[in-house]
Structure formats: C-alpha cells, structure tokens
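Structural description and commentary
What follows is the residue order along each chain.
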Amino acid sequence: MNQKYYFKCTDCGKIYQNNEVSYLCSACETANDDKHPPRGVLKTLYHYDEIREKYGRNVLFKSLSDSAFIDLLPVQSIDSMGYLRVGQTPLYAINKLDGDSLDFTLYLKDDAQNPTASFKDRASVLVSAFAKENNIDTIAAASTGNAGSSLAGICASQQQKAIIFVPATAPLAKLTQILMYGAVIIPVDGNYDAAFDLSIKASKHFGWYNRNTAYNPLTIEGKKTVSFELFAQLQQGIPDRIFVPVGDGVIISGVYKGFEDLLQLGIIDKMPVIVAIQAEGSKNVIENLSTDNWKTIPSTTIADSISVDIPRNFYMTKDYLLKYKGEWLTVTDDEIIDSSAILSKNTGIFSEPASCAAFAGMLKYKKLNKFEKLSKNVVLLTGSGLKDLKAVSSLIKIPAAIPATIEAVIKLLYT
Ligand SMILES: *Cc1c(COP(=O)(O)O)cnc(C)c1O
C-alpha cells in the first residue's frame, strides 16, 4: 500500500486507508439513488505535517514551481504519467478588452492547451497513472465528450484500453477524437446522467477501472494541479478571484482542493475567492446551494460540457463554496455566445461554450464594477473552441468564393 495518502468521506467523515476503497464511501453509497447527487464522494488527504517537516517552506515552494510535487499526488512516480505534456498551461495577463484598458489584472489560464484540448486531461492522466502502477489495463468513463476524449487520448499514449459511454448528442469533434484515439465508444440513448449510471454498472459487471468524475476521487486530485500551477505562475501568490465553469463540480472542487492543500501546508494563508459560473439553462448546483430538498431542473444549454442534471460532486462543491465564501452566478446562452466572440477577437483564444461561460461571468462582474482596482482575476479556460464549431455557427458567415482577380477582392472588401 502507498502510505502517503488516505481518504475521507465528504458526507459522514469516515476515514479509509487507500487500499480499502476505490470510489465512493461504502457506508454512504448504499443510500444513493439516481434522482439525487451521490453522497459519499471521497476527499484524498496527505500527512501534511510530515510533508512540511520533510521539506521546510522554501523547498516546498521550489518543488511546486517545478510542477512535480509528487508528495501531494496519490501515485508513486511522475514517470507513471507518461510522456504527453499535461498541465503546465500558459497564464496570460490581458490588459485591454475591446480597446479599453482594464484597471484590474485579467489572467487567462488556457487549459485548452492540454494534449486533447481540455482541462479533463489533468484528471485522466492521474487515473491512468494509478491504473499503470496497479497493473490495470482497461478504464471506462461516462462523458459529455471531453472526459471521454481525454481518457481516450491519454490511454492511447499509455497503451491502455478506454471504453467511453457518451450521450448520443455529444458534439461531433469530441466523438471523432474518441474514435481516432482508438477507444471503444458506447453512445447511450439518453442524457449524460443515463450514460454515467450505465458506465458504473458496466464497470462493475466487466471489472473495468472507472474514471467517472467525482465517483473516482483521483479525478479531483488530478484537477487540483491547476492551483499549484497558478500559485507558481503568480510568483508564489494567489489571485483575488478565479472564475470557474461548473457542471458536475469537480473542476471547481479540484481548484479548491489544490489551494486547500497549500493552506494545510502553511504555504498560503487564505483562499482566493472562487466564482462558480453555470449556464442559466443548467444551474442545478447554484439552485440547490441554499436548500436541503434537492430539486433537479432539466438542462438545456449550448454549453454541453456543463449541461448536467445531477451534479456528481454537488456536496463537496457546496461545502467548499460555503466554507471559503465563494460566489456564484449564471450566464445565458446568448451571453456565452457573445463572450465567445469577445474572447476570440480580443485575445486569440478560441474556447468552447462551457469555457466561455467562465469568461462571460467575468464580463458580468466587470459590467457591475465588482473588480477592485489592481486586483488579480483569473478566468479558467477549460476547452478548445474547435471542439464545438456548431455552437458558434450563428456568429459567422463565410463569404462566397470570388474570381481570382484584384478587382474581385476590391469588390468584396469595399462594396
Ligand atoms: C467538464 C468541463 C467543465 C465542467 O467541469 P465539472 O467538473 O463538470 O464541473 C467545464 N468546461 C469544460 C470544457 C469541461 O469539459
């Protein structure tokens, strides 16, 4: 057994050694049904005092900036993660939008620059590394598209088999990626939630390892690496605010968990304010934050990656947002599409709708003058715009072809 980490149930607080359980807390799992978010998602914990003693503060800083902080990951060796460069994505400081200078700093963390063009690679690579160290060769996942294309790509690089359950409506580019990477694809006649439940049943039936978001606690651990990177990229500092798109609530919990690890180690002394952004047409996390009677509103939004009826990490997300005084807001599909154009034209970064939702949330804050002067605000851009061209088709019109003459160019440009 790898002694360096253990699990704690988000709901009942039960502690598990890491060889005792792989997915949900077994005490809480039995009460779950398919109408409510699952209870019993596990948080991965480390022996923080020992880590602190082992390194001392300065060395900890340095290892974090090397982005190879193996003591805070539930695998034995960085080498198990294979050769694809996951994470270490750029953080851009933007000082102008639509010609106006900004009086706060806007940072864009471009996680579309991961190998399969989405943030999901951070989770997939850790799950894949764990499988490799434990001689598991088949990994299954349910996905709205990105988790599946990510797992398929990472598994292709690691000589592992991937089996991906998707709702039949997933965008074509994401389905194409899954097949090009050689994974087995299982389209499910139903929504993401139906694909999710079926993938778990099938994993149990066939004995596959399962990467489903939140269900597998390592997905949260993989996603937390973005916070270590932000800390290093901001010269060992934390931003004032981070805008995060929220579907199942695993990315946002990962962001919190990364900073929480740093808090536990005494490397930082406060949490940044994290702003959860959901689509107005799929706001099941936000709508249920202040009630104990769970209610699902069926989702309809252009932002397929955050279109979720039953958020799989609702309770951990709720705990984090309330404990660390997070904020939240929704954006409409129109706002998402408009923000997509603003983002692309101003920055050269073309993002998919879910990712633009976070940017749209930032624009809403700006409109409301909610940014303190000189504050540092990060927008997490989670997926490439090339993954869903249909979503922005209403914004573009490709001109008809012209004869190959200068006169025709003049006519096209000036008449
Ligand atoms: C999965 C995903 C999200 C949302 O992450 P959750 O963990 O489901 O909240 C946001 N943006 C993109 C591009 C994604 O693929």
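Here the structure is shown first, and the text comes after it.
Anyway, here's the lowdown on the structure attached to this text. (Residues numbered from 1 in each chain as written. Predicted model: local features only at pLDDT ≥ 70, side-chain atom pairs only at ≥ 80, totals over all residues. Heavy atoms only, no water.)

With that settled, consider the overall build of the protein chain. Assigned secondary structure in the protein chain consists of 14 helices and 13 strands. In summary, the protein chain has a C-alpha radius of gyration of 21 Å against a globular reference of 22 Å for 415 residues, a match within 12%. On the principal axes, the C-alpha backbone points of the protein chain span a range of 75 × 50 × 45 Å. At a minimum sequence separation of 6, the contacts of the protein chain that also span at least 24 residues come to 71%. As displayed, the protein chain has an accessible area near 17,900 Å², and 54% of this comes from carbon and sulfur atoms. Computed over 43 positive and 44 negative side-chain charges, the inter-centroid distance for the protein chain is 2 Å. (Helix = DSSP H or I, 4+ residues; strand = E, 2+ residues; numbered from the N terminus. Rg over C-alpha atoms; globule rule 2.2 N^0.38 Å. Contact = heavy atoms within 4.5 Å. Areas by Shrake-Rupley, 256 points an atom, 1.4 Å probe, with all protein chains shown as cover. Lys, Arg positive; Asp, Glu negative; His and termini not counted. Charge placed at Lys NZ, Arg CZ, Asp CG, Glu CD.)

With that settled, the discussion passes to the side chain of Asn-114. Secondary-structure assignment places Asn-114 in the loop between β5 (100-110) and α3 (121-133). Note on Asn-114: relative accessible area 4%, which makes it buried. From its side chain, Asn-114 meets the backbone oxygen of Ser-118 in a polar contact 3.5 Å long. Residues in contact with Asn-114, not counting those within four places in the same chain, are Arg-85, Val-86, Gly-87, Thr-89, Phe-119, Asp-121 and Arg-122. (Buried < 20%, exposed > 50% of the residue type's maximum accessible area, 1.4 Å probe, protein only. Polar contact = N/O pair within 3.5 Å; in protein donor to acceptor, adjacent residues only side chain to side chain.)

Bringing the site of the ligand into the picture now. In the vicinity of the ligand there are 16 residues, among which Lys-120, Asn-146, Gly-247, Gly-249 and Thr-382 approach most closely. A distance of 2.9 Å is found between an oxygen atom of the ligand and a backbone nitrogen or oxygen belonging to Val-250. Taken by itself the ligand offers 380 Å² of open surface, and the protein chains cover 98% of this. Under a 2 Å grid-point criterion requiring more than half of the atoms, the pocket assigned to the ligand is the largest cavity. Grouping the constituent residues of the shell around the ligand by class yields six nonpolar, six polar and four charged. (Near = heavy atom within 4 Å. 1 Å grid on protein atoms, 1.4 Å probe; cavity = no way out; pocket = protein on both sides within 12 Å on 5 of 7 lines; lining within 4 Å. Sits in = over half its atoms within 2 Å of the grid points. Nonpolar A, V, L, I, M, F, W, Y, C, P; charged D, E, K, R; others polar.)

As a volume, the largest pocket reaches approximately 520 Å³. Of all the secondary structure elements, the ones that give two or more residues to the lining of the largest pocket are α5 (172-180) and α6 (192-206). Taken together, the residues that form the lining of the largest pocket break down as 10 nonpolar, eight polar and six charged. (Points joined across faces, edges and corners; volume = space filled by probe spheres on them.)

Time to look at empty space enclosed by the protein. This model, assessed by the stated rule, comprises one cavity of 30 Å³ or more. Put simply, the largest cavity is a space of about 270 Å³. Counting only elements with at least two residues in the lining of the largest cavity, the list comes to α4 (146-157) and α9 (250-264). Grouping the constituent residues of the lining of the largest cavity by class yields 11 nonpolar, 11 polar and five charged.

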